[in-house]
Amino acid sequence: QVQLAVPMAVVFAPGSVPADLPRPLPFRDVQEMEISVNLRASVTSRYEIRYRSTTAQEEAALAAATAREADAALYPLQDTTLGSLTMYVVPETSSLLPQGLNVYVGKHRSALVRAVGSLAGLQARLQGVTQVMSFTASSIAAALSERAPDGRLSPDARRSLKSSLGYEITFSLLNPDPKSHSVDWDIEGAVNRFVKPVLDKLSLVANFSVDSQILYYAVLGVTPRYDKESSSFLLSAHSLPHVINPVEARLGSSAASLYPVLNFLLYVPERSHSPLYIQDKDGAPVSTNAFHSPRWGGIMVYNVEAPASPQASLPLHVDVDMARVMEVFLAQLRLLFGLSREEVPPEFLLESPGNEGLADWELDHLLWAHTVENIATVSTTLTSLAQLLDKIGNIVIKDDVASEVYRAVASVQSAVTELSLGHLLAAFQASKEAVTSSEKAFFDPSLLHLLYFPDDQKFAIYIPLFLPMAVPILLSLAKIVRESRLRKKEPTKMD
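Residues numbered from 1 in each chain as written. Predicted model: local features only at pLDDT ≥ 70, side-chain atom pairs only at ≥ 80, totals over all residues. Heavy atoms only, no water.

Enquirer: Hey, could you go over the environment of Ile 140 for me, with residue numbers and the actual values?
Expert: As for its position among the elements, Ile 140 is in helix α4 (residues 137-143). When the C-alpha positions of Ile 140 and Ala 369 are compared, they lie 6.0 Å apart, and in sequence the two are 229 residues distant. With near-sequence residues (within four places) excluded, Ile 140 lies in contact with Leu 4, Ile 35, Val 43, Phe 135 and Val 372. (Helix = DSSP H or I, 4+ residues; strand = E, 2+ residues; numbered from the N terminus. Contact = heavy atoms within 4.5 Å.)

Enquirer: Go over a nonpolar patch on the surface with me, naming the residues and quoting the values.
Expert: On the surface, Ile 461, Tyr 462, Leu 465, Phe 466, Met 469, Ile 473, Leu 474, Leu 477 and Ile 480 cluster together into a nonpolar patch covering about 930 Å² of accessible area. Tracing the chain through its elements places Tyr 462 in helix α11 (residues 455-489). (Patch = residues over 30% accessible without salt bridge, like charges linked within 9 Å, V, L, I, M, F, W, Y side chains within 5 Å. Areas by Shrake-Rupley, 256 points an atom, 1.4 Å probe, with all protein chains shown as cover. Salt bridge = Lys/Arg side-chain N within 4 Å of Asp/Glu carboxyl O.)

Enquirer: I'd like a description of the nonpolar core, backed by residues and values.
Expert: In terms of nonpolar packing, the biggest core is built from 93 residues, with Met 87 and Phe 171 touching the most fellow members. Among the elements that take part in this core, helix α8 (residues 360-391) stands out by supplying 10 residues, more than any other. Leaving out residues up to four positions away in the same chain, Met 87 has contacts with Met 8, Ala 9, Val 10, Val 11, Ala 111, Val 113, Leu 126, Val 129, Thr 130 and Met 133. In this structure, Leu 174, Phe 233, Leu 276 and Ile 299 belong to the second largest nonpolar core, which totals 20 residues. (Core = buried A, V, L, I, M, F, W, Y, C linked by side-chain atoms within 4.5 Å. Buried < 20%, exposed > 50% of the residue type's maximum accessible area, 1.4 Å probe, protein only.)

Enquirer: Before we move on, can you summarise the domain arrangement of the protein chain with the specific residues and values?
Expert: Assigned domains of the protein chain: these are domain 1 (2-143 + 344-350), domain 2 (166-337), domain 3 (360-451) and domain 4 (454-494). Put simply, the middle of domain 1 and the middle of domain 4, counted by C-alpha atoms, are 87 Å apart. (Domains from an automatic or database assignment.)

Enquirer: Help me get a handle on the pattern of salt bridges, residues and values and all.
Expert: All told, the structure shown has 11 salt bridges when counted by the stated rule. Across the pair Arg 52 and Glu 58 runs a salt bridge, and its minimum N-O distance is 2.9 Å. For Arg 52, a relative accessible area of 17% puts it in the buried group. A salt bridge links Glu 362 to Arg 334, with the shortest nitrogen-to-oxygen separation between them at 2.6 Å. Placement of Glu 362 in helix α8 and of Arg 334 in helix α7 (residues 322-336) is noted, with a sequence separation of 28 residues between them. Here Glu 362 and Arg 334 have matching classes, each one buried. Each of Arg 109, Lys 201, Asp 360 and Asp 364 takes part in a single network of salt bridges with overlapping partners.

Enquirer: Kindly report on α7, identifying the contributing residues and their values.
Expert: In this model α7 runs 20 Å from its N-terminal to its C-terminal C-alpha over 15 residues, within 8% of the 21 Å that 1.5 Å per residue would give. Most of α7 is tucked away: 11 of the 15 residues are buried. Looking only at α7, the buried set comprises Met 322, Val 325, Met 326, Val 328, Phe 329, Leu 330, Gln 332, Leu 333, Arg 334, Leu 335 and Leu 336. The elements touched by buried residues of α7 are β7 (166-175), α5 (187-202), β12 (261-267), β14 (290-293), β15 (297-301) and α8. (Expected span 1.5 Å × (residues − 1).)

Enquirer: Any details on the sheet that holds strand β10 (residues 225-227)? Residues and values, ideally.
Expert: The strand order across the open sheet formed by 3 strands is β10-β11-β13, and the pairing between neighbours is mixed. A strand with exactly one partner marks an edge of an open sheet, and here the two such strands are β10 and β13 (276-278). Averaged over all neighbouring strand pairs, the angle between strand axes comes to 40 degrees, with direction disregarded. Pairing of strand β11 (residues 232-235) with β13 involves 3 bridges; the strand directions are parallel. Bridging across to β13, Leu 234 finds its partner in Tyr 277. (Pairing = 2+ DSSP bridges. Axes fitted to C-alpha atoms, helices over the stretch in contact; angles between N-to-C directions.)

Enquirer: So what about the confidence of the model for the protein chain? Which residues, and what values?
Expert: For the protein chain, per-residue confidence averages 84 on the pLDDT scale, and residues scoring 70 or more make up 92% of the total. Confidence, read as mean pLDDT per element, is least for α4 in the protein chain (75) and greatest for helix α9 (residues 399-421) (93). (pLDDT = per-residue confidence, 0-100.)

Enquirer: Tell me about a negative patch on the surface, and please be specific about residues and values.
Expert: A grouping of Asp 184, Asp 186, Glu 188 and Asp 319 is seen on the molecular surface, where their side chains present a negatively charged patch. Among the structural elements, Asp 186 can be located in the loop between β8 (181-184) and α5. (Lys, Arg positive; Asp, Glu negative; His and termini not counted. Charge placed at Lys NZ, Arg CZ, Asp CG, Glu CD.)

Enquirer: So what about the environment of Tyr 104? Which residues, and what values?
Expert: Considering the arrangement of structural elements, one finds Tyr 104 in strand β5 (residues 103-105). Those residues in contact with Tyr 104 that lie beyond four places of it in its chain are Ala 67, Arg 68, Asp 71, Leu 97, Ser 110, Ala 111, Leu 112, Leu 349 and Glu 351. At 2.5 Å, the side chain of Tyr 104 and the side chain of Glu 351 are in polar contact. (Polar contact = N/O pair within 3.5 Å; in protein donor to acceptor, adjacent residues only side chain to side chain.)

Enquirer: Go over the pairing of β14, please, and point to the residues and values.
Expert: Pairing of β14 with β15 involves 4 bridges; the strand directions are antiparallel. What sits directly across from Ser 293, in β15, is Gly 297. Here β14 folds back onto β15, and the loop between the two strands holds 3 residues, one of which, Arg 295, carries a positive phi near 60 degrees.

Okay, here's the thing in structure tokens:
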């Protein structure tokens with residue numbers, strides 16, 4: 001049974017304290033909620049709330065002109081521990097929150113919440129904020145997707161990548177028509193400028209490696225449809241799944257990889273199929289001219305403007321606008337890690353994370369999900385290993401394999417304990433160690449079940465070998481025994 005404890009501070013600014021508080025500030029409260037995964041498994045969320053008044057420094061920070069300035073000024077004053085939340089309750093008449101907005105979620109681990117008259121109303125509003133900033137029932141169910149019934153999962157639940165110790169990101173430029181287009185892309189500069197800040201933030205979650213390649217004469221494998229009205233070529237939504245397999249055969253990046261590979265493809269259409277646009281299911285053009293495939297990556301079509309004069313010399317030189325391309329790829333990267341911001345009420349305002357690509361609370365959101373998923377993975381791996389050892393009675397378990405199993409069990413128990421104490425970082429690191437140890441034990445070459453034959457197979461293999469030799473030996477033994485008996489029956493001759 002896993003319990004997720006979230007340390008949370010609710011800080012009241014002057015003029016925002018509800019009239020029906022049960023006791024004077026400061027005081028503590030605990031709210032628990034059970035997240036059911038299946039009939040046997042459930043996860044308990046436990047919010048340990050500490051109510052208090054603002055300090056003089058926090059009051060000065062809340063006197064800023066805008067919510068963004070207040071969030072920046074409050075950041076050095078708040079608890080920045082991973083997994084913790086700080087809610088600043090401001091008066092109903094506060095000008096920090098624009099009209100019609102009741103919640104401002106900053107890019108760190110705090111939010112500004114407009115006061116409500118009653119404590120029950122405030123708690124309902126705070127619950128909505130915590131659902132956005134920490135974890136939801138759907139995000140935990142998605143992390144435990146292997147155990148949750150199919151009907152319980154939303155279509156997006158299986159879109160995000162499974163938890164892994166590392167990921168490989170490959171950027172590929174596909175130029176199917178190098179005779180017509182000479183494409184130049186500054187991928188190294190774009191990765192350093194746009195991708196590196198995001199991966200630096202995500203380095204806590206896993207290790208990342210980035211590479212790039214240019215593939216010539218690599219076509220999509222689907223012939224686009226020509227549209228006379230727009231004088232362009234169209235790729236419909238139902239044909240997009242058929243695009244990936246022919247292209248993936250050319251990529252060659254996942255064949256020798258230990259970790260999941262994320263593929264981001266930039267496709268420059270050949271001159272005979274230009275311009276090329278992607279349509280959605282309703283037949284409308286997709287604004288980004290890109291699509292993504294769950295747990296695989298994304299493809300963006302980059303159209304080249306036709307030359308002004310038909311006599312222009314070929315190949316045309318094309319400089320790719322990397323800012324536009326990376327904006328799409330980073331949005332797809334967020335989707336692959338389950339960091340979409342779709343289910344937010346209209347009264348919420350979420351601050352843009354800027355160059356870092358994800359806010360601090362979004363990183364926590366990822367760590368919560370990955371920690372729970374790691375614990376479930378270790379449980380499944382060790383259960384499978386125990387079942388394998390039960391099946392084969394004469395299997396030999398070496399000391400190093402046994403120590404890995406003990407280490408995995410100890411680490412996963414530590415992860416569960418740290419989660420119940422609200423120590424997210426320690427829990428995540430313990431869960432990673434547990435996954436590493438359990439995988440080492442499970443995939444140890446000495447535990448390959450093919451090395452150990454069941455008894456019935458042994459008889460089936462050895463009887464055909466020994467029976468032809470055993471028959472003459474047994475007949476000879478029987479003859480020797482018979483002759484010895486006859487010899488004993490003969491009377492001994494007396495001189």
